[in-house]
Number of protein chains: 2
Amino acid sequence: MAGACSGRVYIVGAGPGDPELLTLKAVRLLSQADVVVYDRLIPREALSYARRGAELVYAGKMPGRHALTQEEINRLLLEKACEGKTVVRLHGGDPYVFGRGEEECMYLLEHGVSCEVVPGITSVTAAPAYAGIPVTSRGLASSFAAATGREAPGKQRRHVYYGRLMKAVDTLVVVMGVGTLEAIVGEMLREGVDPSLPVAIIEKATTPRQRVVVGTLSDIVEKAREAGVEPPAVIVFGPTVRLRERLWRLS
Amino acid sequence: MAGACSGRVYIVGAGPGDPELLTLKAVRLLSQADVVVYDRLIPREALSYARRGAELVYAGKMPGRHALTQEEINRLLLEKACEGKTVVRLHGGDPYVFGRGEEECMYLLEHGVSCEVVPGITSVTAAPAYAGIPVTSRGLASSFAAATGREAPGKQRRHVYYGRLMKAVDTLVVVMGVGTLEAIVGEMLREGVDPSLPVAIIEKATTPRQRVVVGTLSDIVEKAREAGVEPPAVIVFGPTVRLRERLWRLS
């Protein structure tokens, strides 16, 4: 295979949703790509930067069709690179922040294909920002953490213990946590986290349909249920949630 | 003052150093600004997007001159807005990630001036990425945290306890920690963090002069000293540091 796989693959972050949060590098690489393999959660406008005639491959879920598995995506990227193509693998957010970009890049490098990762703006920080919530603030929050909500209490092979984590940082951001919110909040309360801790849920962050639900650890589960919050959403726990009252533009 | 302060202020992140990591929104706002107030740690190429004739104000440290204080910056932004100007306040990284952008925005809003925050790519995630280190990885790291190194052991009014934090997350990223590395590592070791924990220091991240020093908790202080590591640098603690061996492009 050596020599045959002369293509290059760029694993590129497309940011959290607002198409203006694409980087110049993402736009340049999209305009140069022969093939773009894209996720479900990218700003659709991103594809408009691909050159005319570029092959666009959807790797996310479609009605009536299963998503490509990670292994299928890996093989597709390799196959296109071995056809000599320049490939952009476009991720929502940042490929290295809960994005599995490292699996794709390792697979390619192990098969002798050149691979470069281009960071994107992650919803971990941008979703709170667009809701008027800084993840850090002098005197109020000197640290923040981010975790996936997919390792909630009850899950096997857990790595995330939300109560312990919340007690170790000032701000905690949980992604992919809408379905497990009640379990996560329950664990925090059992671990002794203050029930009055401010919590915000930002749905469809940075898009025109962004919606924010604010509460405390003691009432956020009920408020989320009342509001009918759906994924994708980002959940922020911590005192800087209160700054929203002073930072949110009403105009 | 009402009505007089008709200008707008945009608090904009310029990303970690690579000028191609600027967002489309940052570039657009720079091209529309009457005044750009910029930090020391921005990519210098960013200013080339300002329109001809825009007023460029340096807010960082210059030889023989003190930096503007935060209060001076706040007042400058207000003053320019009250002249009816469109102002871009350009931060290195992301204004809401250890950036004090929220202080500027709150000050402006309290004085009746419209303010919008535009996220940038933060070195918290991009510095590791450019060194071949993902902050998360399936099965290896389901959470990460970021903290400033300015609240090291011995400081008054500490908010960050690095040992406890390291034990609660998989990956810990410390910014502004070169000067306090020894104190931070010492605290982790005293708190029982595994001395073989991988650590990487990324100096001048995402720029052509980027340099990476890799070690473990037990030898990183010595390695940093030998290498003569200087700020700005980002320090990453955690098992994903080892993935660099498989992700780093030698080409």
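Coordinates for the structure precede this section.
These remarks concern the structure in this document. Numbering of residues starts from 1 in each chain and follows the order in which that chain's sequence is written. Lettering for chains starts from A, numbering for ligands starts from 1, and both go in the order in which the items are written. The predicted nature of this model means local features are confined to residues of pLDDT at least 70 and side-chain atom pairs, given and counted, to a pLDDT of 80 or more, with totals for whole chains, interfaces and linings taken over all residues. The basis for every side-chain value is the complete set of non-hydrogen atoms in the structure, without hydrogens or water.

### Remarks on the relation of the copies chain A and chain B
Stated formally: For this overlay, a least-squares fit was computed on C-alpha atoms, restricted to residues scoring pLDDT of at least 70 in both copies. We call two residues contacting when some pair of their heavy atoms lies within 4.5 Å.
It takes a turn of 180° to lay chain A on chain B, together with a shift of 0.0 Å along the axis; the resulting RMSD is 0.0 Å. Here the copies are linked by what is in effect a two-fold axis. A shared binding surface is used by both copies, with 100% of the interface residues of chain A retained as interface residues in chain B.

### Some details on the state of the cysteines
All names here are of chain A. Our working definition: Criterion for a disulfide: a pair of cysteine sulfur atoms within 2.5 Å. Starting at the N terminus, helices and strands are each numbered in turn, a helix being any DSSP run of H or I of at least four residues and a strand any DSSP run of E of at least two.
Per the counting criterion, the structure on display carries four disulfides over all chains. The side chain of Cys-5 participates in a disulfide bridge whose partner is Cys-82; the two sulfur atoms lie 1.8 Å from each other. Residues Cys-5 and Cys-82 are joined by a disulfide whose S-S torsion is about 75°; by sign, that bridge is right-handed. Residue Cys-5 is found in the segment before β1 (8-13), and its partner Cys-82 is found in helix α2 (residues 70-82); the two are separated by 77 residues along the sequence. The partner cysteine of Cys-105 in its disulfide is Cys-115, sulfur to sulfur 2.1 Å. Taking the torsion about the S-S bond as the criterion, the Cys-105 to Cys-115 disulfide, at about -125°, is left-handed.

### With respect to the sheet that holds strand β2 (residues 35-38) of chain B
Residues and elements named next belong to chain B. What counts here: Pairs of strands are assigned from DSSP output, requiring at least two bridges between the strands. Here an angle of 0 to 180 degrees is reported between the N-to-C directions of two axes, which are lines fitted to C-alpha atoms, with helices fitted over the stretch in contact.
Strand order in the open sheet formed by five strands is β3-β2-β4-β1-β5, with parallel pairing between adjacent strands. In the strand order of this sheet, the two ends are held by β3 (55-58) and β5 (114-118), each with one partner. Here the average twist between neighbouring strands, direction ignored, is 20°. Relative to β3, β2 runs parallel, the two being bridged by four bridges. When the bridges of β3 are listed, Val-37 appears paired with Val-57.

### Observations regarding the interface of chain A and chain B
By a widely used convention, the size of an interface equals the accessible area lost when the partners come together. The following threshold applies: Once two parts are brought into contact, the accessible area they lose, counted with a 1.4 Å probe and summed over both, makes up the buried area. We define a salt bridge as a side-chain nitrogen of Lys or Arg found within 4 Å of a carboxyl oxygen belonging to Asp or Glu. In protein, a polar contact means a hydrogen-donor-capable atom and an acceptor-capable atom, both N or O and within 3.5 Å, with residues adjacent in sequence counting only if both atoms are side-chain atoms; elsewhere, any N or O pair within 3.5 Å suffices.
On the chain B side, the residues contacting the 61 residues of chain A number 61 residues. A buried area of about 5200 Å², summed over both sides, lies between chain A and chain B, and 60% of it is on carbon and sulfur atoms. The interface formed by chain A and chain B includes six salt bridges. Arg-246 of chain A is the partner of Glu-110 of chain B in a salt bridge, and the nearest nitrogen-oxygen pair spans 2.8 Å. Here chain A and chain B share 24 residue pairs in polar contact (both at pLDDT 80 or more) between them. Pairing geometry for strand β6 (residues 143-148) of chain A and strand β6 (residues 143-148) of chain B, over five bridges, is antiparallel. Directly across from Ala-146 of chain A, in β6 of chain B, lies its bridge partner Phe-144 of chain B.

### Some details on the packing of helix α6 (residues 181-190) of chain B against helix α7 (residues 220-227) of chain B
All names here are of chain B. Going by this rule: Working rule for angles: under 35 degrees goes down as roughly parallel, over 145 as roughly antiparallel, 65 to 115 as roughly perpendicular, anything else as oblique. Helix crossings get a hand from a simple test, with the near helix turned counterclockwise from the far one by less than a right angle marking a left-handed crossing and a clockwise turn marking a right-handed one.
Following both chains from N to C, one finds α6 and α7 inclined at 165°, their axes separated by 10 Å at the closest point. With respect to each other, α6 and α7 are oriented roughly antiparallel. Seen along the crossing, α6 lies across α7 with a hand that is right-handed. Contacts from Leu-181, Glu-182 and Val-185 in α6 reach Ile-220, Val-221, Ala-224 and Arg-225 in α7.

Everything listed here is a matter of geometry and, on its own, says nothing about what the molecule does.
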